[in-house]
Amino acid sequence: MITTTDWRKSAVYQIYPKSFYSPEGKATGTLRGVTAKLDYLADLGVDYLWLTPVYASPQNDNGYDVSDYYAIDPSYGTMDDFETLLAETKQRGLSVMMDIVVNHCSTSHAWFEEGRHPDSPYHDYFIWRETPNDWVSKFGGPAWSFDEVAGKYYLHLFDKTQADLNWENPRLREDVYAMMRFWRDKGVSGFRLDVINLISKTPGLPNDPEGDGRAYYTDGPNVHDYLQEMNAAVFAGHDLLTVGEMSSTSLEHCLQYSSLENQELKMTFNFHHLKVDYPNGEKWTAAPFDFKQLKQIFSDWQTGMNGQAWNAIFWCNHDQPRVVSRFGDDVAYRVESAKMLATTLHGLQGTPYIYQGEEIGMPNPDFTNLSDYRDVETLNAYQEARTNGVSEEAILAAIRQKSRDNARTPMPWSDAVNGGFSTSEPWIPVSPTYDQINVEAAVADPDSVYHHYKRLIQLRKQYDVLTDGSYRLLTPDDPSLWAYERATSEEELLVVSNFYGTDTTFTLPHDGSDYTVLLHNYQQMQTEGHTLTLRPYESLMLYRKSD
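I will try to describe carefully the structure that is included in this document. All values reported here derive from a predicted model rather than from experimental measurement. (Residues numbered from 1 in each chain as written. Predicted model: local features only at pLDDT ≥ 70, side-chain atom pairs only at ≥ 80, totals over all residues. Heavy atoms only, no water.)

A short note on the overall build of the protein chain
Piece 1. Check the secondary structure of the protein chain and you find 15 helices and 23 strands.
Piece 2. Taken over the C-alpha trace, the protein chain has a radius of gyration of 23 Å; the compact-globule value for 547 residues is 24 Å, and the two agree within 12%.
Piece 3. Principal-axis analysis of the C-alpha atoms gives the protein chain an extent of 80 × 50 × 50 Å.
Piece 4. If you take every contact in the protein chain between residues at least 6 apart in sequence, the share linking residues at least 24 apart comes to 70%.
Piece 5. Accessible surface computed for the protein chain: about 19900 Å², of which carbon and sulfur atoms make up 46%.
Piece 6. Between the centroid of the 45 positive side chains of the protein chain and the centroid of its 78 negative side chains there is a distance of 2 Å. (Helix = DSSP H or I, 4+ residues; strand = E, 2+ residues; numbered from the N terminus. Rg over C-alpha atoms; globule rule 2.2 N^0.38 Å. Contact = heavy atoms within 4.5 Å. Areas by Shrake-Rupley, 256 points an atom, 1.4 Å probe, with all protein chains shown as cover. Lys, Arg positive; Asp, Glu negative; His and termini not counted. Charge placed at Lys NZ, Arg CZ, Asp CG, Glu CD.)

Right under this line is the structure:
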């Protein structure tokens, strides 16, 4: 069990239960499926398992529309199944993190069903207006919908079935904290807080003629007060790992959200590095990524947070395409580029998050038909693009690159039917590569992406420089190399990664023979004196004692 003294050396594995495993042969994964794979996760070496929402839900946004925070959705199993999972994780030295979704809840939640009536005490649990403002939903279209019973519009920054909660109401806040204490006391060891920096809206909810409204609900005026209150009410005195998903946030705010003084959260997710393939900020356009911008954004956050706050570092999650397809080469150099991306990320300061399938180098499924997609955001984007005159070819190319469903195909456990995920047809098609890219094959191959991840997790526990070392970017203007140095007074770590499919060279700060190779995705290091030659997608993690 990770303790308060070493949680910064931990690794978190994100599980999307709907697509993880179904031993019962269902179309969707279950909690029993997670329990059945705990030995695999323990062998990988991770410490925490973050479960995306398994609460009761209509599943309009795959569980992020919660209708009962105290109940397990029947599609995943029962509360007994959840308690069995908790007990089995503890036996293996693993811990469970719950996903807390409290910027909004489902319009099927009892709070909203009662709150539609203006005389109900739950009416003020939500944000109502006689006349909507001009804010835009993150899933497309207006951020307001009219409710016939209330006779007013309610705010929903996401899907219309996800009504935003009114955090200005102290009774609402106490109900949220009571719910979190329920899971904490049941034995949960951490919380991931969904879009938590959106909970405080600017008073008056002003129009935003220059934008989509986010300027008036992102990192709002009371958000730090609310998180400090949550910390005191739920986290204080308990050994909990807490991470906030911070939408469109700033470094300045994250320094406070995850201050090492720990009055709010342990760490934060930011997403600026995952918008480097959004030309002019436009997600739904197929485009290459801006490599120089990618490494500069990471570098700014590494230096900006060092010694003051803590990063959650990640490439993938349930809302992002597969990184080997996004920033690597998922055909000619899939294994090499998957390992390169892993090394580059895991050499940084912060707690690494690994999304299911990332550790075996899963690529995007490259679906060719719109009928293969299930994601509400994707389907809305398609309709909006076609309405606006975007060609079928162009929007489908963007969807193949950017859709959240790229991450949601079933976990391939073997080359059996449906990748061994289930004996029934899954809720979303299996990636067509499952017969070659699967867990069974990866574990059996000592040179696989899986064993590379396993070694990276071990190195973080072994070398203090990965936790404590400063960060220095060595190649800000190089068009293909990201090289950086981590250093303490006693240790130096050098990570050099070639992000492209052509050879290049790098001048080492010291002679090549001075370094110990901790990890490499090729068999031999090619050096001559201070010159390092890197082959396509080659990456090295080099170590030396400080002079």
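A word on the packing of aromatic side chains
Piece 1. Evaluation of the coordinates by the stated rule reveals 42 aromatic pairs.
Piece 2. Between Tyr69 and Trp111, the aromatic rings sit 5.8 Å apart at their centres with planes inclined by 45°, giving tilted as the arrangement. In this pair, Tyr69 is assigned in strand 4 (residues 68–72) and Trp111 in helix 4 (residues 110–115), connecting sequence segments 42 residues apart.
Piece 3. Of the residues examined, Tyr69 reaches a relative accessible area of 3% and is grouped as buried.
Piece 4. A connected cluster of aromatic rings, assembled from ring pairs, spans Phe289, Phe291, Phe298, Trp315, Phe327, Tyr471, Trp482, Tyr484, Phe499 and Tyr500.
Piece 5. The positively charged end of Lys37 is found above the aromatic ring belonging to Tyr21, 4.4 Å away from the centroid.
Piece 6. A cation sits over an aromatic face here: Lys37 above Trp413, 4.3 Å from the ring centre. (Phe/Tyr/Trp six-rings, centres within 6.5 Å; stacked < 30°, edge-to-face > 60°. Buried < 20%, exposed > 50% of the residue type's maximum accessible area, 1.4 Å probe, protein only. Lys NZ or Arg CZ within 6 Å of the ring centre and 35° of its normal.)

Comments concerning the nonpolar core
Piece 1. Grouped together as the largest cluster of nonpolar side chains are 144 residues, with contacts concentrated most on Tyr13 and Tyr353.
Piece 2. Ignoring anything within four residues of it in the chain, the contact list for Tyr353 reads Val12, Trp50, Met97, Leu241, Val243, Met267, Phe269, Ala312, Ile313, Phe314 and Glu358.
Piece 3. Grouped together as the second largest cluster of nonpolar side chains are 13 residues, Trp144, Leu155, Phe158 and Leu205 included. (Core = buried A, V, L, I, M, F, W, Y, C linked by side-chain atoms within 4.5 Å.)

What about empty space enclosed by the protein?
Piece 1. According to the stated counting rule, one finds two cavities of 30 Å³ or more in the structure shown.
Piece 2. Estimates place the volume of the largest cavity at around 90 Å³.
Piece 3. Lining the largest cavity are Asn270, His273, Ile297, Phe298, Trp301, Gln302, Asn311, Ala312, Ile313 and Phe314.
Piece 4. At the level of secondary structure, the elements contributing two or more residues to the lining of the largest cavity comprise helix 8 (291–305) and strand 14 (312–314).
Piece 5. The greatest single-element share of the lining of the largest cavity, amounting to four residues, is contributed by helix 8.
Piece 6. Of the residues in the lining of the largest cavity, the class split is six nonpolar, four polar and no charged.
Piece 7. As a volume, the second largest cavity reaches approximately 60 Å³. (1 Å grid on protein atoms, 1.4 Å probe; cavity = no way out; pocket = protein on both sides within 12 Å on 5 of 7 lines; lining within 4 Å. Points joined across faces, edges and corners; volume = space filled by probe spheres on them. Nonpolar A, V, L, I, M, F, W, Y, C, P; charged D, E, K, R; others polar.)

Looking at the environment of Thr475
Piece 1. Position of Thr475 among the secondary structure elements: in the loop between strand 16 (470–473) and strand 17 (481–487).
Piece 2. You can call Thr475 buried: its relative accessible area is 7%.
Piece 3. Spatially, the C-alpha atoms of Thr475 and Phe506 are 9.1 Å apart, while their sequence positions differ by 31 residues.
Piece 4. With sequence-adjacent residues up to four places away left out, Thr475 is seen in contact with Lys295, Leu481, Trp482, Ala483 and Phe506.
Piece 5. Within the local environment of Thr475, its side chain forms a polar contact with the backbone nitrogen of Ala483, the two atoms lying 2.9 Å apart. (Polar contact = N/O pair within 3.5 Å; in protein donor to acceptor, adjacent residues only side chain to side chain.)

Let's talk about the packing of helix 5 (residues 170–186) against helix 6 (residues 223–235)
Piece 1. The geometry of helix 5 relative to helix 6 is characterised by a closest axis approach of 9 Å and an angle of 40° between their N-to-C directions. In terms of orientation, helix 5 and helix 6 fall into the oblique class. Helix-helix and strand crossings are classified by hand; for helix 5 and helix 6 the assignment is right-handed. Of the residues in helix 6, those in contact with Arg173, Tyr177, Met180, Arg181 and Arg184 of helix 5 are Tyr226, Glu229, Met230, Ala233, Val234 and Phe235.
Piece 2. Within the contact of helix 5 with helix 6, the residues separate by chemical class into seven nonpolar, no polar and four charged. (Axes fitted to C-alpha atoms, helices over the stretch in contact; angles between N-to-C directions. Parallel < 35°, antiparallel > 145°, perpendicular 65-115°, else oblique. Left-handed = near helix turned anticlockwise from the far one by under 90°.)

A closer look at the sheet that holds strand 18 (residues 491–498)
Piece 1. Judged by pairing direction, the sheet is antiparallel, and its five strands sit side by side in the order 16-17-18-23-20 without closing on themselves. Two strands bound the open sheet, and with one partner strand each, they are strand 16 and strand 20 (516–520). Sheet twist, expressed as the mean angle between neighbouring strand axes with direction ignored, is 20°.
Piece 2. Sheet topology places strand 17 next to strand 18; seven bridges connect them, and they run antiparallel. Paired with Arg486 across the bridge in strand 18 is Leu493.
Piece 3. Sheet strands in contact with helix 8 are strand 16 and strand 17, and its direction is about 10° off that of strand 17.
Piece 4. Each of strand 20 and strand 23 (539–545) touches helix 14 (residues 449–462); the most contacted strand, strand 20, lies at about 135° to it. (Pairing = 2+ DSSP bridges.)

Quick notes on helix 12 (residues 392–402)
Piece 1. Turning to helix 12, its buried residues number three or more, namely Ile395, Leu396, Ala398, Ile399 and Lys402. Looking straight down helix 12, one finds its buried side chains confined to an arc of 160°; they lie on one side.
Piece 2. In the core, the buried residues of helix 12 are packed alongside helix 11 (376–387). (Arc of directions from axis to C-beta.)

A few points about the packing of helix 10 (residues 334–346) against helix 14
Piece 1. Between helix 10 and helix 14, the least distance of the axes is 10 Å, while the angle of their chain directions is 15°. Judged on the interaxial angle alone, helix 14 and helix 10 are roughly parallel. Where helix 10 crosses over helix 14, the handedness of that crossing is right-handed. Contact with helix 10, carried on its side by Val335, Ala338, Lys339, Ala342, Thr343 and His346, involves Val449, His452, Tyr453, Leu456 and Arg460 of helix 14 and no other residues of that element.
Piece 2. By residue class, the composition of the contact of helix 10 with helix 14 is six nonpolar, three polar and two charged.

Brief notes about helix 8
Piece 1. Helix length check: helix 8 (15 residues) gives 22 Å between terminal C-alpha atoms against 21 Å at 1.5 Å per residue, within 8%.
Piece 2. Of the positions making up helix 8, those classed as buried are Phe291, Leu294, Lys295, Ile297, Phe298, Ser299, Trp301, Gln302, Gly304 and Met305.
Piece 3. Buried residues belonging to helix 8 abut helix 7 (251–257), strand 13 (267–269), strand 14, helix 10, strand 16 and strand 17.
Piece 4. Taking the backbone nitrogen of Lys292 as reference, a side-chain oxygen 3.3 Å away marks Asp290 as the first, capping residue of helix 8.
Piece 5. Immediately beyond the C-terminal end of helix 8, within one or two residues, lies Gly307, with a positive phi of roughly 80°. (Expected span 1.5 Å × (residues − 1).)

Let's talk about the pairing of strand 1 (residues 12–15)
As a general feature of sheets, a regular strand has side chains that alternate between the two faces.
Piece 1. Side-chain alternation along strand 1 places Val12 and Gln14 on one buried face and Tyr13 and Ile15 on a second face that is also buried.
Piece 2. In this sheet, strand 15 (residues 351–355) lies alongside strand 1 in parallel orientation, the contact comprising three bridges. By the bridge assignment for strand 15, Val12 is matched with Tyr353.
Piece 3. In this sheet, strand 2 (residues 48–51) lies alongside strand 1 in parallel orientation, the contact comprising four bridges. Bridged to Tyr13 within strand 2 is Leu49.

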